[in-house]
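Below, each chain spelled out in residue letters.
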Amino acid sequence: MAESETMSLPVQIGDKRGCSKDKDEDVPSKKPKVESDHENGGALDLNEEEPEEEAGEEDEDGDTFADMMKHGLTEMDVGILKYVSDHEGFSGILKERYSDFVVHEINKQGKTVHLDDLSIPADSEQASETEQLPEESDVLTEEQKKQLGELQLFKNKEGNVTIEVMDDTKEKRTLVHKAIKTQFPGLETKTEEKDGRKLIVAYHAAGKKALAEVKTTAAPRKHFWPKNRGSYCHFALYKENKDTMDAINVLSKFLRLRPNMFSYMGTKDKRAITVQEIAVLKITAERLAHLNKCLMNLKLGNFCYKNHPLKLGELQGNHFTVVIRNISGNGEQVHQAMTSLKKMGFINYFGMQRFGTTAVPTQHVGRAILKNDWNGVVDLILKPRPGAEKEFLVRCREEWAKTQDPEAALKKLPNKRCVEGQLLRGLSMYGKKNIVTAFGLIPRNNRLMYVHSYQSVVWNTMVSRRIDAFGLKAVEGDLVLRGTSAHTLSAEEADTHTIHDIVMPLPGFDVIYPSHHIGEGYREMLTADGLDIDNMRHKVKDYSLAGAYRRVVIRPTDVSWEVIHYDDPRISLVHTDFEKLENKPAPVFIKEGKYRALRMEFSLPPSTYATMAIREVLKLDTSIKKQTQLNSTWFN
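Small disclaimer: the values here were computed from a predicted structure and weren't measured. (Residues numbered from 1 in each chain as written. Predicted model: local features only at pLDDT ≥ 70, side-chain atom pairs only at ≥ 80, totals over all residues. Heavy atoms only, no water.)

A look at the packing of aromatic side chains
Inspection of the entire model under this criterion finds 13 aromatic pairs. Taking 5.8 Å as the distance between ring centres and 80° as the angle between the ring planes, the aromatic pair formed by tryptophan 225 and tyrosine 305 counts as edge-to-face. Taken as a pair, tryptophan 225 in the loop between α5 (208-214) and β6 (232-240) and tyrosine 305 in strand β9 (residues 298-306) lie far apart in primary sequence, 80 residues in all. Tryptophan 225 sits in the buried class, given a relative accessible area of 14%. Put simply, the rings of Trp374, Phe439, Tyr450 and Tyr543 pair up and form one aromatic cluster. Here the guanidinium or amino end of arginine 229 rests over the ring plane of tyrosine 305, the centre of that ring lying 4.7 Å away. Positioned above the aromatic ring of tyrosine 83, the side-chain terminus of lysine 619 is 5.2 Å from the ring centre. (Phe/Tyr/Trp six-rings, centres within 6.5 Å; stacked < 30°, edge-to-face > 60°. Helix = DSSP H or I, 4+ residues; strand = E, 2+ residues; numbered from the N terminus. Buried < 20%, exposed > 50% of the residue type's maximum accessible area, 1.4 Å probe, protein only. Lys NZ or Arg CZ within 6 Å of the ring centre and 35° of its normal.)

Given below as C-alpha cells:
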C-alpha cells in the first residue's frame, strides 16, 4: 500500500460572503444493522470537533490552537493506515475558504436538496385565514412599522417598542398583537399597564431578556392552522459556516420554539456551505420566509407542507463539491488519482473528527464507560490535560484536581452547557457516589459519542489489519451482507465477490466476526482493553452495544473533476445556491493563472466521511495535529 504524502492546510481565511441582511446520533438498535451514523449524515468538518466537547465560546488564536494540537491524535493513533491505490499523492490546500466545501443533502427519494425558490406555497385556506382579520394591516402607523422593523433586524435586540392603542378596547389590542406577530416574525408582545393606561410592548424573541423569560412564562398562543394543511412545514436550509444545531438554535430563538420542534435527517459540516431539508411543526412558510430579512449566514426556502416530520438517517446521502487549492500535482497525477477514486473508491474509515481534537481522545472515555470505570470517566473528562485550552477551562480543571469539589469547579466556568459543566452540575446534584446518574445530565447523543468512538477505533484498526493481511480481494472467512444479516464466505464464494461486497463488524453483542485470524484480532484488542467481546451488554442499557456492519471500501457516485486556474486566492470557485438566487454571475476561470485548483464533485452514502475520500486522492494525513504542523510550515 502506498505511503502517505503531506498536504498543506493553511491558517484558514474567513469568507466575507454571508447572506445579506435581506436575506443525533440515534440509540443503538437491538438488532445488528448496516452501520448508520446519523450524526454525520456525510462527512463532518476536517477542522471541527465532536459536539460540545469543548466549552469555548470564541475561536482560539492560531498559536494557542497549534499548541493544543501538539498533543492531538494522528491517523496512526486511530488505525487509519492504508490506501486503496498506489498512485502518487500531491499537495493542496483544503478548506482555505469555507466556500471550498459545499454539501447538498440527498433526500429519501434520491433528490438532491437545493435552495432555488423563496416563494410561499399556495394555500387554499390562506385567504380565509387572512380574511378573519381584515383590519390587521391598518392598525400600525408607518412610524411604528419603521421602529418594529429596526427591532426585528436586531439593530436594538435588547430594546422594545411601546405602542399605545387609541380608543383602547380588548379587540383593538388583539388586532395590534396579531399584526405585530404576523408582519414582524421574531418579535413577541405583551400588555403592560402604566398610569392607568394599557400599553402593548413589542420585544425581540431572541434577545437575552426575552430568552430568560421563556422558562418562566407561558408559550405564545397557537396560531390558526387550517385542517387540510399538513402539520409540518418542510423547507430547505442553506447555511454558511454554521453547524446544523447552531442554525436550529437560532431559528428556535427567533420563533420562540423549543429546538426539538425541528426535525432533520442528518447534521452537516460547520466549516462549509450546506443545504439540507428541515421540518418544523405548525409554523407557517410565511413566518419562516420573513426570517430571511434578519438572518445572517442562513437562508430558508423551498417551502411545502407535509403530514410527517423528518427522521434521522432517512437521507440517501450527500453530494459534495470540494475545491483543493494551489495543487502541486500535474494533469496526469490528478487524472490517475480521480480515476482511481471513481473506479475503486476509498477505505471507509471513520474520520479523525470522530475521535475529538483534545489531548484526551473520546475513545478513551468510551472504553472507560464500557469497562464500568466511572471514576475513570470523570477523571478523563475533568482532569488537567496537556496543551493549550481556554483559561477558564484550565482553572476549572485545576480546581477539580485540587478540591474534588464540583460546585467550586463549576463556578470557574462561564458556560455551564459544555460537557465539563454538565458533568460537574450532575456531580453537584447527585454526589460523587452516584456518577452514573450525574453523567446522565450530559445530553444522550454526547454520551453515546464516547462509546461509538471506541467502536470506531476498533473498526479502523481491524480493517487496516485485514487489508494488510489479504489486500483488496475477497477471501475465505470474510463477511458479506445478505439482507441485514452477515454471512461468512467460503473459499468458493470468495471467488465470486469483490472487496466492495465485504463488511466488517463494529463490536457488539449481536454481530458475528470474520472466521479468519482478523476475527480473533477483535478478541485480542478488546481483551487488551479490559473488555469481554462475549459480553457487550452493559449494566446501563444506553451503553449496551448491539454492533453493526460497515462496508470496507466505498465507491463514490456522480464523480467528476476539473483543474481550474486562478490568480486571486480570495475569490470563490463555486457558484452557490444563494448566489444563483441573487442572480450573481458564476465564477469565470482563466486559461492560465498563478494558482491551480482541483474542483471535484461526488456523492456518498450516509455515515461516510468525505475527508477520507480526499485523503485517498491526495495521500494525506487528515489529523489536525499533522495539518497544524504543516500550517506553520506553509504560513512561514
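What about the pattern of salt bridges?
Applying the stated rule across the entire model yields 20 salt bridges. Across the salt bridge formed by arginine 397 and glutamate 420, the nearest N and O atoms sit 2.9 Å from each other. Separated by 23 residues along the polypeptide, arginine 397 in helix α11 (residues 391-403) and glutamate 420 in helix α13 (residues 419-430) bring together distant segments of the chain. Across this residue pair, the class does not change: arginine 397 and glutamate 420 are buried. Note that arginine 466 and aspartate 478 form a salt bridge whose closest N and O atoms lie 2.6 Å from each other. Residue arginine 466 is located in helix α15 (residues 444-470), and its partner aspartate 478 is located in the loop between α15 and β12 (479-482); the two are separated by 12 residues in the primary sequence. For arginine 466, a relative accessible area of 0% gives the class buried. Residue aspartate 478 is classed as buried on the basis of its relative accessible area of 0%. A single network of salt bridges, built from pairs that share partners, joins Arg444, Arg447 and Asp542. (Salt bridge = Lys/Arg side-chain N within 4 Å of Asp/Glu carboxyl O.)

Brief notes about the side chain of arginine 271
Position of arginine 271 among the secondary structure elements: in the loop between β7 (262-264) and β8 (273-281). Polar side-chain contacts of arginine 271 include one of 3.2 Å to the backbone oxygen of glutamate 96. (Polar contact = N/O pair within 3.5 Å; in protein donor to acceptor, adjacent residues only side chain to side chain.)

What about the side chain of threonine 244?
Inspection of the secondary structure puts threonine 244 in helix α6 (residues 244-255). From its side chain, threonine 244 meets the backbone nitrogen of lysine 268 in a polar contact 2.8 Å long. Ignoring sequence-local partners within four residues, the contact set of threonine 244 consists of Lys239, Tyr264, Gly266, Thr267, Lys268 and Gln276. (Contact = heavy atoms within 4.5 Å.)

Topic: the sheet that holds strand β3 (residues 160-164)
Here we have three strands laid out as an open sheet, ordered β3-β5-β4, and antiparallel in their pairing. The strands lining the two open edges of the sheet, one partner per strand, are β3 and β4 (187-194). Taking each pair of neighbouring strands and ignoring which way they run, the sheet shows an average axis angle of 25°. Pairing analysis gives five bridges linking β3 to strand β5 (residues 197-204), with the strands arranged antiparallel. Residue pairing for β5: glutamate 164 is matched across the bridge by leucine 199. Contacting β3, β4 and β5, helix α4 (residues 170-183) runs over the sheet at an angle of about 150° to β4. (Pairing = 2+ DSSP bridges. Axes fitted to C-alpha atoms, helices over the stretch in contact; angles between N-to-C directions.)

A look at the confidence of the model for the protein chain
Per-residue pLDDT for the protein chain averages 83, and the proportion of residues at 70 or more is 80%. Segment residues 1-14: pLDDT under 50, and 59 contacts once partners within four positions in sequence are set aside and those in other chains are kept. Contacts of residues 210-221 to residues separated by more than four positions or lying in other chains number 14 contacts, the stretch itself having pLDDT below 50. (pLDDT = per-residue confidence, 0-100.)

Details of the packing of helix α9 (residues 362-370) against helix α10 (residues 374-382)
Following both chains from N to C, one finds α9 and α10 inclined at 165°, their axes separated by 8 Å at the closest point. Accordingly, the angle class assigned to the pair α9 and α10 is roughly antiparallel. In the packing of α9 onto α10, the handedness of the crossing is left-handed. Every residue of α10 that contacts α9 at His364, Val365, Ala368 and Ile369 is listed here: Trp374, Gly376, Val377, Leu380 and Ile381. In the contact of α9 with α10, the residues fall into seven nonpolar, two polar and no charged. (Parallel < 35°, antiparallel > 145°, perpendicular 65-115°, else oblique. Left-handed = near helix turned anticlockwise from the far one by under 90°. Nonpolar A, V, L, I, M, F, W, Y, C, P; charged D, E, K, R; others polar.)

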